[in-house]
Amino acid sequence: MTAVLTVPASLDEAQFESVIEQLAAVPADAKLLVDARHCRFATPYGLTALLCLAQSRAERPDFAPPEDEQTLSYWARAQFFRHAETLFTIRGAVPKRAASGDSDVLLEVTPVNGNDDVQAIVRRIQEKAQHILNATLDLEPRSTMGFSMTLSEAASNIIEHAGRGGWVMVQRYNWSKRRVGRDVVQIAVCDAGMGFRASLEGSRARALADRWDDPAALEAAVIQGVSRFADPGRGQGIKGMRGWVHRIDGKLTVRSGTARIAPIIPEWDEDVPLQGGLPPFPGAQINVIIPRRMPRP
Amino acid sequence: MSHIDVSVALDAAAPDAHHHLVTRRTGAVVRTVIERQIAALADGSVAILDFSQIGVLDRSCADEFVAKLVLPMTTERPSRESYVVLVGVNEGHLDAIEAVLETHGLALVVRFDDGVTHLVGTVSALERQLWECVMTRAGAAVEEAAEAVGLALEEAQATLEMLVRRRLLRRLDDAFAPLGAPA
């Protein structure tokens, strides 16, 4: 018996929760069909999280690609199918090896399996997207480096803590009609690894905690900068990301297991600082939204 | 003083990094290369680490490279007398370097492109005052420094000795000398 997971028409961070809810109702060893036929929009978070979903299954899931031509074309240019083909059995035709000429895709779906991958990601962002980032976000030079630093720290989190490979994608959007009212760049870094709770299981924070669950582990890692290593220099990566995102009026969210934390909620958005009791999803999913710098009054 | 181009060390240790110092592993291999270069210098030498050709520096790499390079130099009984001054550091690098130094309670001498030399990291107000006094004079005896900042001789002596132990000043006979150019 195959369980069908319906991908919503708009697959962003919030809407991916509906996919996780459906997944939670399915036995771990069940055969899955991920039905994206009616999906017409997906963010980097949505695309990379779909790949994580496939990675987390014992049996290779089936995948029904979007029917809308433009959506299909975008997913292909984002290199989603190139990686999806290795994880899903694709039920339907998808464009083959589409060129990644979309200037809004600053970094296509890119695997992160080791140190070399993180170096390559930073190199590509610096070479290909630097001028676009400057034009889109109007960042000062110090903040431009903060962008690459955030990307490398988030990707490094996978190789240091996840225990398995993950995915990165960066995309530019014009959000002039949304509440933020300006261009934004989204970074999604998702993995289906052990997650923060398991990673910190042997940490001092765990030993001293009255309560130990996914929200507590996320708070320890993201707010307190706790790492599974005793070395006091560890845990600075996420702390640095948090500081930079706050400084440039951005938003950072991290989901892991059954919890989600939003340590930086800018004035242009609303969110819940810490949620527990969510349907479980393996690994860690990091979403960063960076808006264009506001002109000085 | 011996000039060490960090980008050359990075090329030797991690050719695919393309002048970007990111990830802990990269930081560790670059540190190993530079530790060897510093070990080959005469005891008491000042190594000028040049970051001018470095692109991105993230905190994890800065911790593994910069902080862990300096930590053994500043112990109570270091295996040798080594000093480090950073040059070619831009604002982006500085964010990462300051953060990791502060995490470990360390400080470093940084000479910026305008030629001005600063202390970066964890430094008390008194340490900074005495360090600046020695820098502006291009060296000072303890009596001169104590008088200049209005301190008791013993307190000035102890603080200057601590700055030497922290590898932020050098001992030169009976006086204290800066590592880099005067401020």
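Residues numbered from 1 in each chain as written. Chains lettered and ligands numbered in written order. Predicted model: local features only at pLDDT ≥ 70, side-chain atom pairs only at ≥ 80, totals over all residues. Heavy atoms only, no water.

A. Here's a closer look at the overall build of chain A. Scanning chain A from N- to C-terminus turns up 10 helices and 13 strands. Whereas a compact globule of 297 residues would reach a radius of gyration of roughly 19 Å, chain A reaches 18 Å, a difference of no more than 12%. Overall, the C-alpha framework of chain A stretches about 50 × 45 × 35 Å when taken along its three principal axes. Expressed as a percentage of its 297 residues, the buried residues of chain A come to 58%. Across chain A, the fraction of contacts at a sequence separation of at least 24, relative to all contacts at a separation of at least 6, is 68%. Here chain A has roughly 12300 Å² of accessible surface; of this, 50% comes from carbon and sulfur atoms. Charged side chains in chain A number 35 positive and 35 negative. The centres of these two groups are separated by 3 Å. (Helix = DSSP H or I, 4+ residues; strand = E, 2+ residues; numbered from the N terminus. Rg over C-alpha atoms; globule rule 2.2 N^0.38 Å. Buried < 20%, exposed > 50% of the residue type's maximum accessible area, 1.4 Å probe, protein only. Contact = heavy atoms within 4.5 Å. Areas by Shrake-Rupley, 256 points an atom, 1.4 Å probe, with all protein chains shown as cover. Lys, Arg positive; Asp, Glu negative; His and termini not counted. Charge placed at Lys NZ, Arg CZ, Asp CG, Glu CD.)

B. Highlighting the pairing of strand E2 (residues 46-50) of chain B. All names here are of chain B. Most of E2 sits inside the fold, with five of its five residues counted as buried. On E2, burial covers both faces: Val46, Ile48 and Asp50 on one face and Ala47 and Leu49 on the other are all buried. Examined bridge by bridge, strand E1 (residues 2-5) and E2 share four bridges and lie parallel to one another. Across the sheet, the residue bridging to Asp5 is Asp50, located in E2. Across five bridges, the pairing between E2 and strand E3 (residues 83-87) is parallel. (Pairing = 2+ DSSP bridges.)

C. Structural view of the pattern of salt bridges. For the structure on display, the rule yields 28 salt bridges over all chains. With its nearest N and O atoms 2.6 Å apart, the salt bridge here joins Arg255(A) to Glu17(A). Placement of the pair is Arg255(A) in strand E10 (residues 251-257) and Glu17(A) in helix H1 (residues 13-24), with a sequence separation of 238 residues. Relative accessible area serves as the criterion here: at 1%, Arg255(A) is assigned to the buried category. The exposure class of Glu17(A) is buried, given its relative accessible area of 15%. The salt bridge partner of Lys31(A) is Asp62(A), with a shortest N-O separation of 3.1 Å. Here Asp62(A) lies in strand E5 (residues 62-64) and Lys31(A) lies in strand E3 (residues 31-35), a separation of 31 residues in the sequence. Here the two residues Lys31(A) and Asp62(A) agree in accessibility, since each one is buried. Several salt bridges share partner residues, and in doing so they unite Asp231(A), Arg24(B), Arg31(B), Glu35(B), Asp63(B), Glu64(B) and Lys68(B) into one network. (Salt bridge = Lys/Arg side-chain N within 4 Å of Asp/Glu carboxyl O.)

D. Examining the packing of aromatic side chains more closely. For the structure on display, the rule yields 12 aromatic pairs over all chains. Relative to Trp75(A), the ring of Phe63(A) lies with its centre 6.3 Å away and its plane at 35 degrees, an arrangement referred to as tilted. Placement of Phe63(A) in strand E5 and of Trp75(A) in helix H3 (residues 69-77) is noted, with a sequence separation of 12 residues between them. Trp75(A) matches Phe63(A) in its accessibility class, with the two residues each being buried. The structure contains a cluster of three or more aromatic residues connected by ring pairs, namely Phe63(A), Trp75(A), Phe80(A), Phe81(A) and Phe88(A). Above the face of the Trp175(A) ring, Arg178(A) is positioned so that its terminal group lies 4.1 Å from the ring centre. Across the ring face of Tyr83(B), the terminal group of Arg167(B) is positioned such that the distance to the ring centre comes to 5.1 Å. (Phe/Tyr/Trp six-rings, centres within 6.5 Å; stacked < 30°, edge-to-face > 60°. Lys NZ or Arg CZ within 6 Å of the ring centre and 35° of its normal.)

E. Here's a closer look at the confidence of the model for chain A. Averaged over every residue, the pLDDT of chain A is 91; the share at 70 or more is 97%. Helix H2 (residues 44-55) of chain A holds the highest mean pLDDT among the elements of chain A, 98, whereas helix H8 (residues 204-208) of chain A holds the lowest, 78. (pLDDT = per-residue confidence, 0-100.)

F. Here's a closer look at the interface of chain B and chain A. Contact residues are listed per partner, giving 28 residues for chain B and 24 residues for chain A. Carbon and sulfur atoms supply 51% of the area buried between chain B and chain A, which totals about 2200 Å² over both sides. Of all residues in chain B, Arg24(B), Val56(B) and Arg59(B) bury the most surface against chain A, accounting for 25% of the area lost on that side. There are two salt bridges connecting chain B and chain A. Between Asp231(A) and Lys68(B) there is a salt bridge, and its shortest N-O distance comes to 2.5 Å. For the side of chain B that touches chain A, the secondary-structure elements that each account for two or more residues are helix H2 (24-39), helix H3 (59-70) and helix H4 (91-104) of chain B. (Buried area = accessible area lost by both parts, 1.4 Å probe.)

G. View of the packing of helix H10 (residues 236-247) of chain A against H3(B). Where H10(A) meets H3(B), the axes come as close as 8 Å, and the angle between the chain directions of the two elements is 135 degrees. Relative to H3(B), the element H10(A) lies oblique. Here H10(A) contributes Gln236(A), Gly237(A), Lys239(A) and Gly240(A) to the contact with H3(B), which in turn contributes Arg59(B), Ser60(B) and Asp63(B). (Axes fitted to C-alpha atoms, helices over the stretch in contact; angles between N-to-C directions. Parallel < 35°, antiparallel > 145°, perpendicular 65-115°, else oblique.)

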